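# Chains, contacts and geometry: an overview
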Amino acid sequence: MSIAAAGGLLTRQQSARQLQAALRSAWSETMPAAKLQAVHGLWQQLDHAALPALAELPAPALGLQPGRPSQPQLVHPASVPRRRLGSVAGRVALLHAIAHIEFNAINLALDACLRFAGMPAAFYLDWLSVAADEARHFRLLQQRLQDLGAGYGDLPAHDGLWQMAIKTADDVLARMALVPRVLEARGLDVTPGMIDRLRAVGDDDSVAVLQVILEEEVRHVEIGTRWFRHCCARRGLEPDTTFIELLDRLHPDGIKPPINDAARRRAEFSASELHMLHARIARQATG
Ligand SMILES: [Fe+2]
Ligand SMILES: [Fe+2]
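Everything numeric here is computed off the predicted structure, so don't read it as measured data.

Helix and strand counts for the protein come out as 11 helices and 2 strands. What you see in the protein, going N to C, is helices and strands ordered as α-α-α-β-α-α-β-α-α-α-α-α-α. Relative to the compact-globule value of 19 Å for 287 residues, the protein shows a C-alpha radius of gyration of 20 Å, a close match. In terms of overall dimensions, the protein has a C-alpha envelope of 70 × 45 × 30 Å along the principal axes.

With that settled, the discussion passes to unusual backbone geometry. Working note: non-glycine residues mostly have negative phi, and peptide bonds are mostly trans. Between Gln 71 and the following residue, Pro 72, the backbone shows a cis peptide bond with an omega angle of 5 degrees. One can find Pro 72 in the loop between helix H3 (51-56) and strand S1 (74-75). Positive phi, close to 70 degrees, is recorded for Glu 268, a residue that is not glycine. For Glu 268, the location among the structural elements is in the loop between helix H10 (261-266) and helix H11 (271-285).

Our focus in this paragraph is helix H8 (residues 204-235). The first and last C-alpha atoms of H8 sit 47 Å apart over 32 residues, in line with the 46 Å expected at 1.5 Å per residue. Gly 236 occupies a position one or two residues after H8 and carries a positive phi of about 70 degrees.

For helix H5 (residues 121-147), with 27 residues, the first-to-last C-alpha span of 40 Å sits near the 39 Å given by 1.5 Å per residue. Following H5 by one or two positions, Gly 149 has its phi on the positive side, about 80 degrees.

On to the environment of Ile 106. With respect to the helices and strands, the residue Ile 106 is situated in helix H4 (residues 88-115). If we ignore the near neighbours within four places in the chain, the residues touching Ile 106 are Lys 35, Val 39, Ala 131, Glu 134, Ala 135 and Phe 138.

Our focus in this paragraph is the nonpolar core. Counting 60 residues, the largest nonpolar core has Ile 106, Ala 109, Leu 110, Trp 127 and Ala 131 as the members making the most contacts within it. If you list the elements that add at least two residues to this core, you get helix H1 (3-28), helix H2 (32-44), H3, H4, H5, helix H7 (172-200), H8 and helix H9 (239-250). Top element by residues in this core is H4. It accounts for 15 residues. If we skip the residues at most four places from it in the chain, Ala 109 touches Trp 127, Val 130, Ala 131 and Glu 134. Membership of the second largest hydrophobic core comes to 7 residues, among which are Val 218, Ala 263, Ala 267 and Phe 269.

Geometrically, a packed helix pair is captured by the angle between its two axes and the distance between the axes. Contact geometry of H9 with H11 gives a least axis separation of 9 Å together with a crossing angle of 30 degrees. Taken together, the axes of H9 and H11 lie roughly parallel to each other. H11 is crossed by H9, and the crossing has right-handed handedness. Contact residues: Asp 240, Phe 243 and Ile 244 in H9; Ser 272, Glu 273 and Met 276 in H11.

Moving on to the confidence of the model for the protein. The predicted model of the protein averages 93 in pLDDT, with 96% of residues at 70 or higher. Segment residues 1-5 is flagged for pLDDT under 50; beyond a separation of four residues in sequence, or across chains, it makes 1 contact in the model.

At a minimum axis distance of 9 Å, the contact between H2 and H5 shows a crossing angle of 140 degrees. Between H2 and H5, the angle falls in the class oblique. Our pair here, H2 against H5, has a crossing hand that is left-handed. Counted together, Leu 36, Val 39, His 40, Leu 42 and Trp 43 of H2 and Leu 128, Ala 131, Ala 132, Ala 135, Phe 138 and Arg 139 of H5 form the full contact between these two elements. Class assignment for the residues of the contact of H2 with H5 results in 9 nonpolar, 1 polar and 1 charged.

Along the polypeptide, Trp 127 turns up in helix H5. Under the C-beta neighbour-count criterion, Trp 127 is labelled buried, with 25 such atoms within 10 Å. Sequence separation between Trp 127 and Asp 253 is 126 residues; the distance between their C-alpha atoms is 27 Å.

Reading the values: rules and limits
Residues numbered from 1 in each chain as written. Chains lettered and ligands numbered in written order. Predicted model: local features only at pLDDT ≥ 70, side-chain atom pairs only at ≥ 80, totals over all residues. Helix = DSSP H or I, 4+ residues; strand = E, 2+ residues; numbered from the N terminus. Rg over C-alpha atoms; globule rule 2.2 N^0.38 Å. Expected span 1.5 Å × (residues − 1). Contact = placed C-beta atoms within 7 Å. Core = buried A, V, L, I, M, F, W, Y, C linked by C-beta atoms within 7 Å. Buried ≥ 20, exposed ≤ 12 C-beta atoms within 10 Å, placed from the backbone. Axes fitted to C-alpha atoms, helices over the stretch in contact; angles between N-to-C directions. Parallel < 35°, antiparallel > 145°, perpendicular 65-115°, else oblique. Left-handed = near helix turned anticlockwise from the far one by under 90°. pLDDT = per-residue confidence, 0-100. Nonpolar A, V, L, I, M, F, W, Y, C, P; charged D, E, K, R; others polar.

What follows is the structure, given as structure tokens:
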């Protein structure tokens, strides 16, 4: 190897270490504005050539709780306020709940990049691109909340969202199955109904925001599908039955209707997975 080539290799490793440090600092950042800026910087200044070397770095020592602001106060899901969408307070409550999901989604995408070493370079590029999308989704919702005289942190929020990240922190296969293909896929299922309800009360600005989010979340779920199948193939596992087994083990409360078959198919759910999901829902309904 020439000195120049050795120098180039060293530079890529240094660049990968810098990228990992920047990812970690974005993950740890507690203030929303600073986290958004950090993610924007990561995505805009991404050195693609550093990604293969990032994949080879050992995962950094990472706690289980990424940075989040002291507000919103986290409460049991049943204590999150729900109001009718005919009032501004009702729309603020809904948009605040979704903003909280998007804030968690930024941390989840960064967490995937940091926690799971040894994946192909494309894995890190995919999840960095998701972090950039989630930051934009959060910003759109924050703007919409401001338009309605509110802000992120004004209301209590669901304390359960990060639990799935903790349950799957030791296994990239489980993470890919349970976070994008359950939590983000849930967004595909319920967002069309929210859009209809917001349209019915004439809140077209919020409708426009949720339409952007719904469309872009299809890609996130598809990314989850692709990497879930990649992990299954590496371990010689059959993906459809593995997915259902993971649901049984890690998400025993089950998936509730509605299921957005069309969006999930676009996100590469197989016909047999959708069939099994519907059968599972029917079994839960009959006890
Ligand atoms: Fe999102
Ligand atoms: Fe997402």
